[in-house]
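# Observations on the three-dimensional arrangement
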Amino acid sequence: MTQIRRMGPQIGVEVSGVDVRTLDDDGFAPIYQAWLDHNVLVVKDQDLTIDDFLHYSRRFGRIEPHPSKSTRHPDFPEITLLGVNKFDADGKLNQAIYRRGAEGWHTDGAYDAKPFKATQLYAIAIPSTGGDTLFASGYAAYEALPQRLKQRLEGVVGAFTYGGRTKAQALLNPEDRNVPPVYHPIVRTHSETGRKSLYFDPGKILSIEGAEPKESDDLIEELTGFMIQPDGEYRHRWQAGDIVIWDNRCSYHRAAGDYPPDEDRIHWRVSIKETQAQGQARA
Ligand SMILES: O=C(O)CCC(=O)C(=O)O
Ligand SMILES: [Fe+2]
């Protein structure tokens, strides 16, 4: 029997008792709605092949290969492998792979003119301790902004790149580095829910457009402080067989990155974009 339960107070919902391989449209509809309502959806106890995972992922939108070519699955470019090839040929831990997603709270794909709608992970191997993923709500962050900031940011866009101000691009091939910035509204109206969120990523933003450099830096620092609201986190403790999907349009996440390096922590990962119809639902 399908069960749906809330996880964190601001974000997160868990579905159990389903097999995503055999879900029909009527079975999927309440799951998709629960995801839109709670932004992070956990589906427990799945036993999937790569084709099953891709097939299920396509229900949410269009899968696009991640720009990090070196971490793509060799036979399935749409699949990114997390935690694979963690050690270099000389036996040294590759920090870019081990700590992927752990450098700070972020949203995936803000460096793209059309950022990822969603990211979905399927857990293949989970360490005995650590390795959680943390989530927080961009709606809650927006709602917490003082009126002064809401007004200052109305209609304002930010410039974003893959490496932001630190220019960290270790997972990209040389030919894919230093791509020009793209621009996104900082107050983002969600294309499906119509709700406003704080669209923000301190690791990818370069500047707030129209602000002097000093004000831009001050705003970036101030907005960083609003991302995670008190008691707003949902912390996912993985089990093999979990599928977790998050909505990059209205949430932030980070990997805890604290598991024993000699243990496996492996996920299949897909980046999902809006279909044209979803992207045009609202301007
Ligand atoms: O491995 C994780 O927990 C999440 C990593 C991450 O940030 C991502 O896959 O986008
Ligand atoms: Fe991420």
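Report follows, based on the coordinates. Everything numeric here is computed off the predicted structure, so don't read it as measured data.

## A word on the pattern of salt bridges
- According to the stated counting rule, one finds 24 salt bridges in the structure shown.
- When the shortest N-O distance is used, the salt bridge between arginine 152 and glutamate 215 registers 2.8 Å. Linking arginine 152 in helix H5 (residues 147–153) with glutamate 215 in helix H6 (residues 213–224), this pair joins segments that are 63 residues apart in sequence.
- Accessibility expressed as a relative area gives 29% for arginine 152, which makes it partly exposed.
- In this structure, glutamate 154 engages lysine 196 in a salt bridge whose closest nitrogen and oxygen atoms are separated by 3.6 Å. With glutamate 154 in the loop between H5 and strand S8 (157–160) and lysine 196 in strand S11 (residues 196–198), this residue pair connects regions lying 42 residues apart in the sequence.
- By relative accessible area, glutamate 154 is classed as partly exposed at 45%.
- Among the charged side chains, a network of salt bridges with common partners joins Lys117, Glu192, Asp247, Arg249 and Glu274.

## Re the sheet that holds strand S12 (residues 205–208)
- In space, the three strands of this open sheet follow the order S9-S8-S12, with antiparallel pairing throughout. Sheet topology places strand S9 (182–185) and S12 at the edges, where each strand pairs with a single neighbour. On average, each strand axis in the sheet is inclined to that of its neighbour by 30°, with strand direction left out of account.

## Looking at the packing of aromatic side chains
- All told, the structure shown has 16 aromatic pairs when counted by the stated rule.
- The interplanar angle of 50° and the centroid separation of 5.8 Å between the aromatic rings of phenylalanine 28 and tyrosine 32 together place this pair among those described as tilted. One end of the pair, phenylalanine 28, and the other, tyrosine 32, are both in helix H1 (residues 25–38), four residues apart, so they sit about a helical turn from each other. Side by side, phenylalanine 28 and tyrosine 32 carry an identical accessibility label, which is buried.
- One cation-aromatic arrangement involves arginine 188 over tyrosine 199; the distance from NZ or CZ to the ring centre is 4.7 Å.

## Some words on the side chain of aspartate 201
- Looking at where aspartate 201 falls in the secondary structure, it is placed in the loop between S11 and S12.
- Exposure remark for aspartate 201: the relative accessible area of 1% places this residue in the buried category.
- A polar atom in the side chain of aspartate 201 sits 2.7 Å from the side chain of lysine 204.
- Excluding residues within four positions of it along the chain, aspartate 201 makes contact with Trp105, His106, Thr107 and Phe160.

Here is what the cut-offs are and how they apply
Residues numbered from 1 in each chain as written. Chains lettered and ligands numbered in written order. Predicted model: local features only at pLDDT ≥ 70, side-chain atom pairs only at ≥ 80, totals over all residues. Heavy atoms only, no water. Salt bridge = Lys/Arg side-chain N within 4 Å of Asp/Glu carboxyl O. Helix = DSSP H or I, 4+ residues; strand = E, 2+ residues; numbered from the N terminus. Buried < 20%, exposed > 50% of the residue type's maximum accessible area, 1.4 Å probe, protein only. Pairing = 2+ DSSP bridges. Axes fitted to C-alpha atoms, helices over the stretch in contact; angles between N-to-C directions. Phe/Tyr/Trp six-rings, centres within 6.5 Å; stacked < 30°, edge-to-face > 60°. Lys NZ or Arg CZ within 6 Å of the ring centre and 35° of its normal. Polar contact = N/O pair within 3.5 Å; in protein donor to acceptor, adjacent residues only side chain to side chain. Contact = heavy atoms within 4.5 Å.

None of this, on its own, says anything about what the molecule does.
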